[in-house]
Amino acid sequence: TDSKISTINTEDYKEWVGGHGMGAAIWFDIVKDKAISSGFDPGNVLAIMPGLLSGTLVPASSRTQMLGVQVLSWPYEWFGRSNAGGRFANMLKWAGWDGVIVEGVAGRPTWICIVDGDVRLNDASNLWGMDTHATQKAIFKEVTGSHNAGDWVSTRSDRLTTQRPAVLTIGPAGENRSRLAVVLTEHGNAFGNGGYGGIWGAKKLKAISALGTGGIEVADPKALLETRLWAQKNYATDYDNPKIWAPLGVTTSHFGGYANAGWSIDPRSKPAGCSGCHINCQPRTSSGISNEAICGDAMVYKRWEEAAHGAATEVSANAVDMAQQLGINSKGFQNW
């Protein structure tokens, strides 16, 4: 509301560990009026917190929690949480931060830009109206300029990096305060539950980006590396002999049964995944359609097409891309 930036010493919250616990504890202390009736209320606070082990070699530790009063439940909008993978958790930790707390409502569209210890509230009027893909590209260019993957670039902190910032952003759905709006990062990782994208829109918060060039101090690096290699050997995807995930009934090489989705999964390309993941559950398509967006929510459109036509086609793959670009939670349509 007043464009101020302050810091909280997370040492005071270490008993709550990190992620969900720390975010909830900080939220409880900051929000004096616990009877907020709506997530759209200006007094609602959002806590965006990576897990304790984010930024390290611990497998699959790159998830970020978002907590606050959400707008999807009915008839009461309860305190809730959502989480997303991607790169943001690690980037924020490498920048030296344990989380981001958002209070109030901005007077104009705003983008929170974090580069190591430098935090700025930028005018995002030029980003307002953009879809989630275009917004991320614009922020990439603004923070690190135009460069090819792998090129070294200098940051505001006078450090070199080959990385682009990790960006959380909303699309038109969030800007219009949809209760089905997500906060997206990359092309397929989203805070889907709770309608937090609509809350961002109400707060005029278009994006948060993080670029970190530091690291996390580990007490026993050798033991952690050995454990990481052990997990990689025993639990990572074996492309020659895929394991079956019993609860899901799918193979680690084609998460969610995408091999039968009619989307021409390219067997020559290894699946992608969240930063630091040892399994990688997102397969690649031969056509490139929905290539970066395949995650659990993609199954909604696949099932629709299978029910209507007997098989999924690239129509449903295009639908996945469109939903991600607009910032819509397709999971919200699953039972309709």
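The sections below set out a description of the structure shown in this document. (Residues numbered from 1 in each chain as written. Predicted model: local features only at pLDDT ≥ 70, side-chain atom pairs only at ≥ 80, totals over all residues. Heavy atoms only, no water.)

**Quick notes on the sheet that holds strand β5 (residues 110–115)**
With mixed pairing, 6 strands are arranged side by side in an open sheet as β6-β5-β12-β9-β10-β11. At either margin of the open sheet sits one strand with a lone partner, and together these are β6 (118–123) and β11 (189–191). Taking the axes of each pair of neighbouring strands and ignoring which way they run, one obtains an average angle of 15 degrees across the sheet. One ladder, built from 3 bridges, connects strand β10 (residues 183–185) with β11; its direction is antiparallel. Pairing of L184 across the sheet is with A190, part of β11. Strands β5, β9 (166–169), β10 and β12 (205–211) of the sheet are contacted by helix α3 (residues 132–144), whose axis makes an angle of about 45 degrees with β12. (Pairing = 2+ DSSP bridges. Helix = DSSP H or I, 4+ residues; strand = E, 2+ residues; numbered from the N terminus. Axes fitted to C-alpha atoms, helices over the stretch in contact; angles between N-to-C directions. Contact = heavy atoms within 4.5 Å.)

**Here we look at the side chain of Q65**
In this fold, Q65 is placed in strand β2 (residues 64–69). Overall, Q65 belongs to the buried group, its relative accessible area being 15%. Of the polar contacts made by the side chain of Q65, one reaches the side chain of R81; its length is 2.8 Å. In this view, Q65 contacts G19, H20, A47, I48, M49, R81, S82, N83 and F191; residues no more than four positions away in its chain are not counted. (Buried < 20%, exposed > 50% of the residue type's maximum accessible area, 1.4 Å probe, protein only. Polar contact = N/O pair within 3.5 Å; in protein donor to acceptor, adjacent residues only side chain to side chain.)

**So, helix α1 (residues 19–30)**
An α-helix turns once every 3.6 residues. As a result, residues three or four positions apart point the same way. With 12 residues, α1 extends 16 Å from end C-alpha to end C-alpha; this agrees with the ideal 16 Å at 1.5 Å per step. For α1, the set of buried residues is G19, M22, G23, A25, I26 and W27. On its buried face, α1 is in contact with β1 (46–50), β2, β3 (79–84) and β4 (100–102). (Expected span 1.5 Å × (residues − 1).)

**Considering the nonpolar core**
Counting residues in each nonpolar core, the largest one holds 37 residues, and the members touching the most others are I48, W200 and I208. Aside from chain neighbours lying at most four places away, what touches W200 is L46, I48, M66, L168, T169, I170, V183, L205, K206, A207 and I208. Counting residues in hydrophobic clusters, the runner-up holds 9 residues, among them L180, V300, V320 and F333. (Core = buried A, V, L, I, M, F, W, Y, C linked by side-chain atoms within 4.5 Å.)

**Section: the sheet that holds β2**
Reading across the sheet, the 4 strands line up as β3-β2-β1-β4 and stay open at both edges, with antiparallel pairing between neighbours. Every interior strand has two partners, whereas the edge strands, β3 and β4, have only one. Averaged over all pairs of adjacent strands, the angle between strand axes in this sheet comes to 15 degrees, irrespective of strand direction. Pairing of β1 with β2, which is carried by 4 bridges, proceeds in the antiparallel orientation. Within β2, the residue paired with M49 across the bridge is Q65. Together, β1, β2, β3 and β4 form the strand contacts of α1, whose direction differs from that of β2 by roughly 30 degrees.

**Here we look at the side chain of E175**
Topologically, E175 is positioned in helix α4 (residues 172–175). At 2.7 Å, the side chain of E175 and the backbone nitrogen of G129 are in polar contact. Apart from residues lying up to four places away in sequence, E175 is in contact with L127, W128, G129, M130, I170, G201 and K206.

**As for the pairing of β3**
Judged by which residues are buried, β3 turns out to be one-sided: G80, S82 and A84 face inward and are buried, whereas F79, R81 and N83, on the alternate face, are not. Relative to β3, β2 runs antiparallel, the two sharing 6 bridges. The residue bridging L67 from the neighbouring strand is R81, located in β3.

**Topic: the pattern of salt bridges**
What the rule picks out here adds up to 9 salt bridges. Note that R108 is salt-bridged to D123, the shortest N-O span being 3.5 Å. Taken together, the residues R108 in the loop between β4 and β5 and D123 in strand β6 connect sequence positions 15 residues apart. With relative accessibility at 48%, the residue R108 sits in the partly exposed group. A salt bridge links E175 to K206; its shortest N-O distance comes to 2.7 Å. Of this pair, E175 sits in helix α4 while K206 sits in strand β12, and the two are 31 residues apart along the sequence. On the accessibility criterion, K206 (0% relative accessible area) is buried. Via salt bridges that share partners, D118, R120 and R156 belong to a single interconnected network. (Salt bridge = Lys/Arg side-chain N within 4 Å of Asp/Glu carboxyl O.)

**Concerning the state of the cysteines**
By the definition in use, this model includes 0 disulfides. C274 provides the cysteine sulfur closest to C277, a residue in no disulfide bond, and the two sulfurs are 6.3 Å apart. (Disulfide = S-S within 2.5 Å.)

**Remarks on the packing of helix α7 (residues 298–309) against helix α8 (residues 314–326)**
Contact geometry of α7 with α8 gives a least axis separation of 9 Å together with a crossing angle of 145 degrees. You can see that α7 and α8 cross each other, and the crossing is right-handed. Contacts between α7 and α8 pair A298, Y301, K302 and E305 from the former with V315, S316, A319, V320 and A323 from the latter. Of the residues that constitute the contact of α7 with α8, the class distribution is 6 nonpolar, 1 polar and 2 charged. (Left-handed = near helix turned anticlockwise from the far one by under 90°. Nonpolar A, V, L, I, M, F, W, Y, C, P; charged D, E, K, R; others polar.)

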